[in-house]
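# A closer look at the structure
Here is what each chain is made of, one letter per residue.
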Amino acid sequence: MTKLGFDTRVVHAGTAPDPATGAIQTPIYQTTAYQFRDVDHAAALFGLSEVGYIYSRLTNPTVAALQARLADLEGGAGAVCCSSGHAAQIMALFPLMGPGRNVIASSRLYGGTITQFSQTIKRFGWSAKFVDLDDRAAIEAAIDGDTRAIFCESISNPGGYVTDIAALAKIADSAGLPLIVDNTLATPYLCRPIEMGASLVVHSLTKYLTGNGSVTGGAVIDSGRFDWSGSDKFPSLSAPEPAYHGLKFHETFGNMAFTFHSIAIGLRDLGMTMNPQAAHYTLLGIETLSLRMERHVANARRIAAWLEADSRVGAVSYAGLESSPWHETAQRVYPKGAGALFTFEVKGGYDACVKLVDHLKLFAHVANLGDTRSLVIHSASTTHRQLTPEQQIAAGAGPDVVRLSIGIEDPEDLIADLDQALAAATG
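The structure contained in this document is the topic of the report that follows. Since this is a predicted model, take the numbers as computed values, not measurements.

A few words on the packing of helix H3 (residues 61-74) against helix H12 (residues 276-286). Running from N to C, H3 and H12 cross one another at 35 degrees; their axes reach a closest spacing of 8 Å. The crossing of H3 and H12 is left-handed. Within the contact between the two elements, H3 uses Thr62, Val63, Ala65, Leu66, Arg69, Leu70 and Leu73 and H12 uses Pro276, Ala279, His280, Thr282, Leu283 and Ile286.

This is how it looks when you write it as structure tokens:
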């Protein structure tokens, strides 16, 4: 059979009717451990000479079905799911980094990621260099002998900037480094980074892939294309791994080396496990991904254009608008749309932003995005408040900026809600 279309695969990929009962939905395997056939079977599983289920911190059939679906949709060799998007970022870096090593990261990232990369990973002896990824010379200048990866968001949070992934992949390839792309805001419906040269893709499954604000989850999808043995930079994958009785993961598992390492060592030792109920809800959410993303994007385009034309608004940062400096990139790299998250400046500054948020009725004021409901937050006073003013502005989260995550409601109702809130905030 020829490869199925994307809209078919969001429903069917990675799953089949349950062989025991015929249930067409993947069951929730709510179990901690799994019975071994015998001692030899147990030894084979622990030795990674046979694939199977040992303990649900490592593997679970419901989670495995989700991993297979994500790998299929992103075009990867394998995937590993974990407890959150932040966990996925650490899981992506874990096999690559070591004390004294650094990652090149976009200066336009979610505030929590900036904090994780600028502060938390220091506890592991890692560091991050934040660079404007539109500046090729700056990227190349930042790369040194200790650099182990380049990290970006396909569409950035909160500013909605879009990344030219193929151009960035060329820089990473020439430096012998994996490119890690956070594809949370685009989803594989709008963008498939692996097809553009990315080595690893990470997701916060909490957002659009589940789509209804019910669970947290994360994932790392491995392209299977990076040569981990091409240099001595990645000994956890290319050399004997002391944390797994000297096994050489790349030599043994080939294009599945990163995935097996992330399960056998990453989940084993870090314990960032996804629970099977969360995997089940995410599988259900993905079934409607295409339908939802089409409506999300259509609503975002309409509302962003309305805001841009409003005299009470200073500016709108959305790559789907022709006025955006990233519009050409968005048209080329994200032809189905530039996502449904964007920011806008409210005339009147910080105080006006706070009033607007307080007066909105349909928009939920929450620290989340990618829900079927439209959401709002003032990033400078919440998600990005731990950053310096300079970092806030660089990330697109200045004091006069409000972030919107546009849902799938009637756009006229959303516009009416924004209109009355703007009147209250700027009147």
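Take the packing of helix H4 (residues 85-93) against helix H5 (residues 111-118) next. Viewed as axis vectors pointing N to C, H4 and H5 meet at an angle of 40 degrees, and their least axial separation amounts to 11 Å. Relative to H5, H4 is oriented oblique. Crossing angle aside, the handedness with which H4 passes H5 is right-handed. From H4, His86, Gln89, Ile90 and Leu93 reach across to H5, where they touch Gly112, Thr113, Gln116 and Phe117.

It is a general feature of regular strands that their side chains alternate between the two faces of the sheet. Counted residue by residue, strand S9 (residues 341-346) has five buried out of six residues, so it is predominantly covered. Note: strand S8 (residues 313-317) against S9, four bridges, orientation antiparallel. From the neighbouring strand, Val313 faces S9, where its bridge partner is Val346. Inspection of the sheet shows S9 paired to strand S12 (residues 401-405) by five bridges, in the antiparallel sense. The partner of Glu345 across the bridge, within S12, is Val401.

Further remarks concern the sheet that holds S12. The pairing of strands in a sheet comes from backbone hydrogen bonds and takes either a parallel or an antiparallel form. Taken together, the five strands give an open sheet; going across it, the order is S8-S9-S12-S11-S10, and neighbouring strands pair in mixed fashion. The sheet is open, and its two edges are formed by S8 and strand S10 (364-365), each paired on a single side. Helix H13 (residues 289-308) rests against S8, S9 and S12 of the sheet, and its axis sits at about 10 degrees to S9. Lying on the sheet, helix H15 (residues 349-359) is in contact with S9, S10, strand S11 (375-377) and S12; it crosses S9 at an angle near 125 degrees.

Turning our attention to the pattern of salt bridges. Taken as a whole and judged by the stated rule, the model has 16 salt bridges. The shortest N-O distance in the salt bridge between Arg332 and Asp164 comes to 3.1 Å. Of this pair, Arg332 sits in helix H14 (residues 327-333) while Asp164 sits in the loop between strand S4 (147-153) and helix H7 (165-175), and the two are 168 residues apart along the sequence. Exposure remark for Arg332: the relative accessible area of 44% places this residue in the partly exposed category. Two residues, Glu251 and Lys248, come together in a salt bridge whose shortest N-O distance is 4.0 Å. With relative accessibility at 61%, the residue Glu251 sits in the exposed group.

Calculation criteria
Residues numbered from 1 in each chain as written. Predicted model: local features only at pLDDT ≥ 70, side-chain atom pairs only at ≥ 80, totals over all residues. Heavy atoms only, no water. Axes fitted to C-alpha atoms, helices over the stretch in contact; angles between N-to-C directions. Helix = DSSP H or I, 4+ residues; strand = E, 2+ residues; numbered from the N terminus. Left-handed = near helix turned anticlockwise from the far one by under 90°. Contact = heavy atoms within 4.5 Å. Parallel < 35°, antiparallel > 145°, perpendicular 65-115°, else oblique. Buried < 20%, exposed > 50% of the residue type's maximum accessible area, 1.4 Å probe, protein only. Pairing = 2+ DSSP bridges. Salt bridge = Lys/Arg side-chain N within 4 Å of Asp/Glu carboxyl O.

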